[in-house]
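A closer look at the structure
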Amino acid sequence: MSDYVPVAKLSEIPPQGKKTIEVDGRFVVLFRIDGQVSCIDDVCTHDGGTLGDGELENFAIACPRHGAKFDVRNGQALTMPATEATVAHDVKVEGDQVFVRFFDEPRKTAEVARVANSDSASASPLCEEKIREALKSVIDPELFVNIVDLGLIYNVDLIPGENDKTNVNIEMTMTSPMCPAGPQLVGGSRKAVEELPGVGVVDVKVVMDPPWSPDKMTEEARDQLGIF
Ligand code: FES
């Protein structure tokens, strides 16, 4: 782990966009999405594709070579054919200056800078869609598909909380009652939603009724798993 080093100006990164930079011979991509600035290696772990040339969809970047998606906030691989995270780096922003602290290994979480600015999406109110987008960062460790596309999220309720915060109640299920990844998926879901600005208390409840079945998956998830 290095110290934070200045790498770019915030104003050089387009809102809801990205910018590839080189720092001491290392290519990384800076992202500025919904008022958050993050940084990952410009390397797809499937076969070395340059992620900076890929298409952004919310917090996911798609490798231009074979389409694997990565979470730009923590480098986690979201879809096949990539199965391993790319390296995510910590970011902080002071004024217009973006600093990055570089890491050599992939991690489950990375420090993402929240920027007080006028990115339009950051000003948008909390809503079920935003919560579901955040939950897409939680990946089933056996199927390598996010829990929203797997159809594990049954209900999302937003309830006014204290201090202008919004409490979120989530009802989710598991692909089977004995799913060994259950605690990990519940904890990951809570954390992903708690990190959203304006969120207060997050309650995640696991329900087994109705039971999960493959027809609850999105078409994208079925494609990923090769189910037709
Ligand atoms: S090199 Fe990125 S998906 Fe194959």
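Residues numbered from 1 in each chain as written. Predicted model: local features only at pLDDT ≥ 70, side-chain atom pairs only at ≥ 80, totals over all residues.

What follows covers the domain arrangement of the protein chain. Domain parsing of the protein chain yields domain 1 (5–121) and domain 2 (125–225). Taken over C-alpha atoms, the centre of domain 1 sits 23 Å from the centre of domain 2. Opposite the 10 residues of domain 1 that make contact, domain 2 presents six residues. (Domains from an automatic or database assignment. Contact = placed C-beta atoms within 7 Å.)

If you walk across this open sheet you meet the three strands as S5-S6-S7, and the pairing is antiparallel. Taken across any chain shown, the strands that pair with only one partner, and hence form the sheet edges, are strand S5 (55–57) and strand S7 (69–71). The sheet shows a mean angle of 30° between the axes of neighbouring strands, taken without regard to direction. (Pairing = 2+ DSSP bridges. Helix = DSSP H or I, 4+ residues; strand = E, 2+ residues; numbered from the N terminus. Axes fitted to C-alpha atoms, helices over the stretch in contact; angles between N-to-C directions.)

Time to look at the packing of helix H2 (residues 128–135) against helix H3 (residues 182–194). The interhelical angle for the contact between H2 and H3, taken along N-to-C directions, is 130°, at an axis separation of 8 Å. With respect to their mutual orientation, H2 and H3 come out oblique. The way H2 lies across H3 gives a crossing that is right-handed. Across the interface between the two elements, Ile 131, Ala 134 and Leu 135 of H2 pack against Ser 189, Ala 192 and Val 193 of H3. A per-class count over the contact of H2 with H3 returns five nonpolar, one polar and no charged. (Parallel < 35°, antiparallel > 145°, perpendicular 65-115°, else oblique. Left-handed = near helix turned anticlockwise from the far one by under 90°. Nonpolar A, V, L, I, M, F, W, Y, C, P; charged D, E, K, R; others polar.)

Most of strand S3 (residues 26–33) is tucked away: six of the eight residues are buried. Relative to S3, strand S2 (residues 17–23) is paired through seven bridges, and the arrangement is antiparallel. Bridge pairing in S3 places Gly 17 opposite Arg 32. When S3 meets strand S4 (residues 36–41), the two strands line up antiparallel, connected through six bridges. Bridged to Leu 30 within S4 is Cys 39. If you look at the hairpin formed by S3 and S4, you'll find two residues sitting between the two strands, and Asp 34 has a positive phi there, around 50°. (Buried ≥ 20, exposed ≤ 12 C-beta atoms within 10 Å, placed from the backbone.)

A rise of 1.5 Å per residue sets the reference length of H3, with its 13 residues, at 18 Å; its end C-alpha atoms lie 18 Å apart and thus fit the reference within 8%. Where H3 is concerned, the buried positions are Leu 185, Gly 188, Ser 189, Ala 192 and Val 193. Considered in projection along H3, the buried side chains sweep an arc of 120° and stay on one side of the axis. Away from the buried face of H3 by more than 90 degrees, exposed residues Pro 183 and Gly 187 are located. As for H3, its buried residues are in contact with H2, strand S12 (166–172) and strand S13 (199–206). (Expected span 1.5 Å × (residues − 1). Arc of directions from axis to C-beta.)

Only one face of strand S9 (residues 97–101) is buried: it carries Val 98 and Val 100, and the other face, with Gln 97, Phe 99 and Arg 101, is open. Inspection of the sheet shows strand S1 (residues 5–9) paired to S9 by four bridges, in the antiparallel sense. For Lys 9, the partnering residue across the bridge sits in S9 and is Gln 97. Where strand S8 (residues 88–94) lies against S9, five bridges are found, and the strand directions are antiparallel. Pairing of Asp 90 across the sheet is with Arg 101, part of S9.

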